[in-house]
2 protein chains.
Amino acid sequence: MKCEKAQKCNLENIVDIIGSKWNLFIIWHLRTKKLRFTELQNRMCGINSKTITRHLRDLEGFMIIDRRVYPEVPPRVEYSLTERGTALLPIIEAMLEWGGQYLNAKPGESHDVEPAKETVCEMDP
Amino acid sequence: MKCEKAQKCNLENIVDIIGSKWNLFIIWHLRTKKLRFTELQNRMCGINSKTITRHLRDLEGFMIIDRRVYPEVPPRVEYSLTERGTALLPIIEAMLEWGGQYLNAKPGESHDVEPAKETVCEMDP
DNA sequence: CGGTATCCCAGGCGATACTG
DNA sequence: CAGTATCGCCTGGGATACCG
């Protein structure tokens, strides 16, 4: 975690963000439209609320997502991508493309079901 | 970790590879030339041998790096990128570019030293 | 609805020591 | 040199319960 002799690695900072499965999923799910807390949670394979909250806060801190609270009853909170977050989409797409080219062709070993398309845990339409 | 209702997420498989700080570092350090075990270890901020070995094996399993053993005394093992691994470089470069654009400009909070350039833990020339 | 608060556990990672 | 073995910490994340 620490590069004592050198300055903090650029790549390391980025991996802290992109390297998390959950962060990537959140960003990806927000690519088309803003979503509410529960909508996100349901789309992400039932991730528990503590975990998703933590990652949402992280992403908000990095100014990758925008959190908008509507003072209503019942409460409504909507998350959306910022410009910074949107700028990450090409990278995620590149990752998916890479995965489609190489992982689907020869899955290595951990391949139990048929290859996915460009989808990420699409569960509920 | 498990998408019970959907097929295994493509993105999740990829994040297992790209999402690891160590894997990214290894790939990045191998971008220009093949390196020996110790060379890699020294460049990576003194990562301990157990950890690096594990990640090297993982990457080898995914056919992202190539491990070549020379039957000599003392032993020599060289690691290099495969085509698959090389195909990841544009993604890492995109990540670095994104980080350069956004993280260096406004670091958020975890920013203790001056921004890094396109470097990754460059310690010993 | 959109979270916090607790508890708990697997495993990622460092430190250290040893080996062919 | 290139690892393996062992120990032990600490965090990420699941389960569950509760709250404004």
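What you see is a predicted model; the values in this text were computed from it and never measured. Sequence positions are assigned chain by chain, starting from 1 and proceeding in written order. Starting at A for chains and at 1 for ligands, labels are handed out in the order in which the entities are written. Note on the predicted model: pLDDT of at least 70 is required for a residue's local features to be given, and 80 or more for side-chain atom pairs to be given and counted; whole-chain, interface and lining totals, by contrast, use all residues. Heavy atoms throughout the structure, all of them, feed into the side-chain values; hydrogens and water do not.

## Some points on the pattern of salt bridges
- Any Lys or Arg side-chain nitrogen located within 4 Å of an Asp or Glu carboxyl oxygen qualifies as a salt bridge. Per the stated rule, a full pass over the model turns up 10 salt bridges over all chains.
- Measuring nitrogen to oxygen at the nearest pair gives 3.0 Å for the salt bridge that ties B:Arg68 to B:Asp66.
- Any residue under 20% of the maximum accessible area for its type is buried, any over 50% is exposed, and the rest in between are partly exposed; the area is computed with a 1.4 Å probe on protein chains only. By relative accessible area, B:Arg68 is classed as partly exposed at 48%.
- B:Asp66 sits in the partly exposed class, given a relative accessible area of 27%.
- B:Glu78 is paired through a salt bridge with B:Arg76; the nearest N and O atoms lie 3.0 Å apart.
- A single network of salt bridges, built from pairs that share partners, joins A:Lys34, A:Glu72, A:Arg76 and A:Glu78.

## Section: the pairing of strand 3 (residues 76–81) of chain B
Residues and elements named next belong to chain B.
- We treat two strands as partners when DSSP finds at least two bridges between them. Here a helix means four or more residues in a row that DSSP labels H or I, a strand means two or more in a row labelled E, and each is numbered from the N terminus. Across two bridges, the pairing between strand 1 (residues 35–36) and strand 3 is antiparallel. Bridged to Leu 35 within strand 3 is Tyr 79.
- Across six bridges, strand 2 (residues 65–70) lies against strand 3 in antiparallel orientation. Within the sheet, the bridge partner assigned to Arg 68 lies in strand 3 and is Glu 78.
- Where strand 2 folds back on strand 3, the antiparallel hairpin that results is connected by five residues.

## A short note on helix 1 (residues 10–18) of chain B
- Burial analysis of helix 1 of chain B places eight of its nine residues in the buried class, which makes it a mostly covered element.
- What helix 1 of chain B keeps buried is the set B:Asn10, B:Leu11, B:Glu12, B:Asn13, B:Ile14, B:Val15, B:Ile17 and B:Ile18.
- For helix 1 of chain B, the elements touching its buried residues are helix 2 (21–29) and helix 6 (89–103) of chain A together with helix 2 (21–29), helix 4 (49–61) and helix 6 (89–103) of chain B. Should any heavy atoms of two residues lie within 4.5 Å, those residues are counted as being in contact.

## What about the confidence of the model for chain A?
All names here are of chain A.
- Each residue carries a pLDDT score, the predictor's confidence in it, ranging from 0 to 100. With 75% of its residues at a pLDDT of 70 or more, chain A has an overall mean of 82.
- Averaged over each element, pLDDT in chain A is lowest for helix 1 (residues 10–18) (88) and highest for strand 3 (residues 76–81) (98).
- Here residues 1–7 is modelled with pLDDT under 50, and outside its nearest four sequence neighbours on either side it reaches 19 contacts, counting other chains as well.
- Low pLDDT, under 50, characterises residues 106–119; the predicted model gives this stretch 18 contacts beyond four residues in sequence or across chains.

## Digging into the packing of helix 6 of chain A against helix 6 of chain B
- Axes here mean lines fitted to C-alpha atoms, for a helix over just the part in contact, with angles spanning 0 to 180 degrees between N-to-C directions. Relative to each other, helix 6 of chain A and helix 6 of chain B sit at 170°, their axes nearing to 10 Å. By the angle class used here, helix 6 of chain A and helix 6 of chain B are roughly antiparallel. Residue-level inspection shows A:Ile91, A:Ala94, A:Met95 and A:Trp98 of helix 6 of chain A in contact with helix 6 of chain B, the latter providing B:Ile91, B:Ala94, B:Met95 and B:Trp98.
- Note on residue classes: Ala, Val, Leu, Ile, Met, Phe, Trp, Tyr, Cys and Pro are nonpolar, Asp, Glu, Lys and Arg are charged, and everything else, Gly too, is polar. Tallied by class, the residues present in the contact of helix 6 of chain A with helix 6 of chain B amount to eight nonpolar, no polar and no charged. When describing relative orientation, an angle under 35 degrees is termed roughly parallel and one over 145 degrees roughly antiparallel, while 65 to 115 degrees is termed roughly perpendicular and anything else oblique.

## Comments concerning the protein's contact with DNA strand C
- Near DNA strand C lie 21 residues; those nearest to it are A:Thr38, A:Arg67, A:Tyr79, B:Lys50 and B:Arg54.
- Any residue with a non-hydrogen atom lying within 4 Å of a molecule or strand is treated as near it. By atom count, sugar and phosphate contribute 67% of the portion of DNA strand C lying within 4 Å of the protein.
- Two N or O atoms count as a polar contact when they lie within 3.5 Å, although within protein this holds only if one can serve as hydrogen donor and the other as acceptor, and sequence-adjacent residues are included solely when both atoms are side-chain atoms. Within the side chain of B:Thr51, an N or O atom sits 3.2 Å from a phosphate oxygen of DNA strand C.
- Contributions of two or more residues to the surface near DNA strand C are made by helix 3 (37–43), helix 4 (49–61) and strand 3 of chain A together with helix 4 of chain B.
- Its residues placed into classes, the surface near DNA strand C shows eight nonpolar, six polar and seven charged.

## Let's talk about the sheet that holds strand 1 of chain B
- One open sheet accounts for three strands, arranged 1-3-2 (chain B); its pairing is antiparallel. Looking at the sheet topology across the chains shown, the edges are occupied by strand 1 and strand 2 of chain B.

## Side note on the protein's contact with DNA strand D
- Neighbouring DNA strand D are 20 residues, the closest being A:Lys50, A:His55, B:Thr38, B:Arg67 and B:Tyr79.
- Sugar and phosphate atoms constitute 66% of the interface atoms of DNA strand D, taking the interface as everything within 4 Å of the protein.
- Contacts to DNA strand D include B:Thr38, whose side-chain N or O atom sits 2.5 Å from a phosphate oxygen.
- Taking B:Lys50, its side chain carries an N or O atom lying 3.4 Å from a base nitrogen of DNA strand D.
- Listed by contribution, the elements that provide at least two residues to the surface near DNA strand D are helix 4 of chain A together with helix 3 (37–43), helix 4 and strand 3 of chain B.
- Here the residues of the surface near DNA strand D sort into seven nonpolar, six polar and seven charged.

## Concerning the packing of aromatic side chains
- Put simply, two rings from Phe, Tyr or Trp (the six-membered ring, in Trp's case) pair if the centres are within 6.5 Å, and we call them stacked under 30 degrees between planes, edge-to-face over 60, tilted for the rest. Within this structure, the stated rule accounts for four aromatic pairs over all chains.
- Ring centres of A:Trp98 and A:Tyr102 lie 5.6 Å apart, and the angle between their planes is 45°; this geometry places the pair in the tilted category. On the criterion of helical spacing, the pair formed by A:Trp98 and A:Tyr102 is a turn pair, its members being four residues apart in helix 6. For the pair formed by A:Trp98 and A:Tyr102, the shared burial category is buried.
- A cation over a ring is seen here: B:Arg76 above B:Tyr70, with NZ or CZ 4.0 Å from the ring centre. The rule is short: NZ of Lys or CZ of Arg within 6 Å of the ring centre and within 35 degrees of the ring normal puts a charge over the ring.

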